[in-house]
Amino acid sequence: MKLTKKIVFILFSIVLINIFICIKQDQKFKYLDTKQMKIYNLYKDDLVPSLNSKNIQESADMKIMSFNIHKGRNEKNKYTLDSTIKLIKENNADIVCLQEVLGFQDAKIKKHLENNSQFIVNQRDNLFSHGLAIYSKYPIVESNQILLTSNGEQRGLLHVTFYINNKYVNVINAHLAINTDERKVQIDEMMNYINGLDGEVILVGDFNQTNLELSKLVDVGKYHGYVNSKTFIPIDSRIDHIFIKKGGIYSSTYNIIESKLSDHYPITANIKYKPQLILD
């Protein structure tokens, strides 16, 4: 009987924490369900580091990970958040983009990773709201929440800008709709938003679509020969993707980590700058 009361108390505490996080989100955003795209600025730092004096731009690796953590549970609904955090730490990515993160889970992940981070709530599941998170070893210059047109479950983008090696790098974490027609609208909105950005672009996330072709973007998985591989366990399909903008960056490696910690597999890529001359 005492054990049951303890479990109920823990669950009740989790619900209260999640409600508190949602209230904090509501103080910023009046709308969490939208019939048209909305953009909200979350943070902006106007103090950007100055350019260095080197003549050659270094070709440094940026390792990025994308993972739909399924609210910290695997395909059989078993709790896996602690093991998920361990996997993330072991892979030591510079930028980690997660989908389907509960509010209290974000706080725990952030504590363990000790990184710069941004979390947003996209969808309310009654008391258990979830959203997108980005954790980074790089300081955040700016972050935006983009709520995409959604008829069913609210979907959106988390856009975080970094200043790395004298360049702006836009990292966009996406979670798109399951419904085909709804997703087409969201893809159009997403691409219109991306086309207006300056600097490099890295787009990752759960797109709920295989064989996704996006104008001016390179599918890193396809580029490295993973076109027929799977990232979503229930239907053996590759619906999680990493895209990069054609031009100043390229991918040197790509990997699918076949863990059973979610109903999705995590994916990683190493991104490099193309060496270029900098005029003094």
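This text follows the structure it describes.
Keep in mind that this is a model prediction, so the values were computed, not measured.

What follows is about the nonpolar core. The tendency in soluble globular proteins is for nonpolar side chains to be buried as a group. Ranked by size, the top nonpolar core spans 30 residues in total, and within it Ile64, Phe162, Val171, Ile202 and Ile242 carry the most contacts. Residues contacting isoleucine 242, with those up to four places away along its chain left out, are Ile64, Ile202, Leu203, Val204, Val218, Asp219, Val220, Gly221, Tyr254, Ile267, Thr268 and Ala269.

Let us now look at the pattern of salt bridges. A side chain of one charge can pair with a side chain of the opposite charge when the charged atoms of the two come close. Within this structure, the stated rule accounts for 8 salt bridges. The salt bridge partner of arginine 238 is aspartate 219, with a shortest N-O separation of 2.9 Å. Placement of the pair is arginine 238 in the loop between α5 (220-223) and β11 (240-245) and aspartate 219 in strand β10 (residues 217-219), with a sequence separation of 19 residues. Judged by its relative accessible area of 9%, aspartate 219 is buried.

The strand order β4-β5-β3-β2-β13-β12 describes an open sheet built from 6 strands, whose pairing is mixed. Lying at the two open borders of the sheet, with one neighbouring strand each, are β4 (116-123) and β12 (249-256). Taken over all neighbouring pairs, the strand axes of this sheet differ in orientation by 20° on average, direction set aside. Examined bridge by bridge, strand β2 (residues 61-68) and strand β3 (residues 95-102) share 5 bridges and lie parallel to one another. Each residue of the ladder has a partner; that of isoleucine 64, found in β3, is isoleucine 95. Relative to β2, helix α2 (residues 81-91) is tilted by about 165°, and along the sheet it contacts β2 and β3.

Let us now look at empty space enclosed by the protein. Scanning all chains against the criterion turns up 1 cavity of 30 Å³ or more. Taken as a whole, the largest cavity holds about 50 Å³ of empty space. Glu100, Asn122, Gln123, His130, Gly131, Leu132, Glu153, Gln154, Arg155 and His175 are the residues that line the largest cavity. At the level of secondary structure, the elements contributing two or more residues to the lining of the largest cavity comprise β4 and β5 (130-136). By residue number, the principal contributor to the lining of the largest cavity is β5, which donates 3 residues. Of the residues in the lining of the largest cavity, the class split is 1 nonpolar, 6 polar and 3 charged.

Reading the values: the criteria
- Counting starts from 1 at the beginning of each chain's written sequence and moves along it residue by residue.
- Only residues with pLDDT of 70 or above have their local features reported here, since the model is predicted, and side-chain atom pairs are shown and tallied only from 80 upward, although totals for entire chains, interfaces and linings are computed over all residues.
- To obtain the side-chain values, all non-hydrogen atoms of the structure were used and water was disregarded.
- By nonpolar core we mean a set of buried residues, namely Ala, Val, Leu, Ile, Met, Phe, Trp, Tyr and Cys, connected to one another through side-chain atoms within 4.5 Å.
- Whether a residue is buried, partly exposed or exposed follows from its accessible area with a 1.4 Å probe, protein chains only, as a fraction of its type maximum: under 20%, in between, or over 50%, in that order.
- Two residues form a contact once any of their heavy atoms are found within 4.5 Å.
- Note on definitions: salt bridges are taken to be side-chain nitrogens of Lys or Arg within 4 Å of carboxyl oxygens of Asp or Glu.
- Each helix is a run of H or I in the DSSP string that is no shorter than four residues. Each strand is a run of E no shorter than two, and both are numbered from the N terminus.
- By definition, two strands form a pair when at least two bridges between them are found by DSSP.
- For every element, the axis is a line fit to its C-alpha atoms; helices are fit only across the contacting stretch, and the angle between N-to-C directions ranges from 0 to 180 degrees.
- Using protein atoms alone on a 1 Å grid, points that fit a 1.4 Å probe yet trap it form a cavity, whereas open point sets bounded by protein on both sides within 12 Å along at least five of seven lines form a pocket; residues with an atom within 4 Å of a point count as lining.
- Grid points are joined across faces, edges and corners, and a volume is the space filled by probe spheres set on the points.
- When residues are grouped by polarity, Ala, Val, Leu, Ile, Met, Phe, Trp, Tyr, Cys and Pro land in nonpolar, Asp, Glu, Lys and Arg in charged, and all others, Gly among them, in polar.

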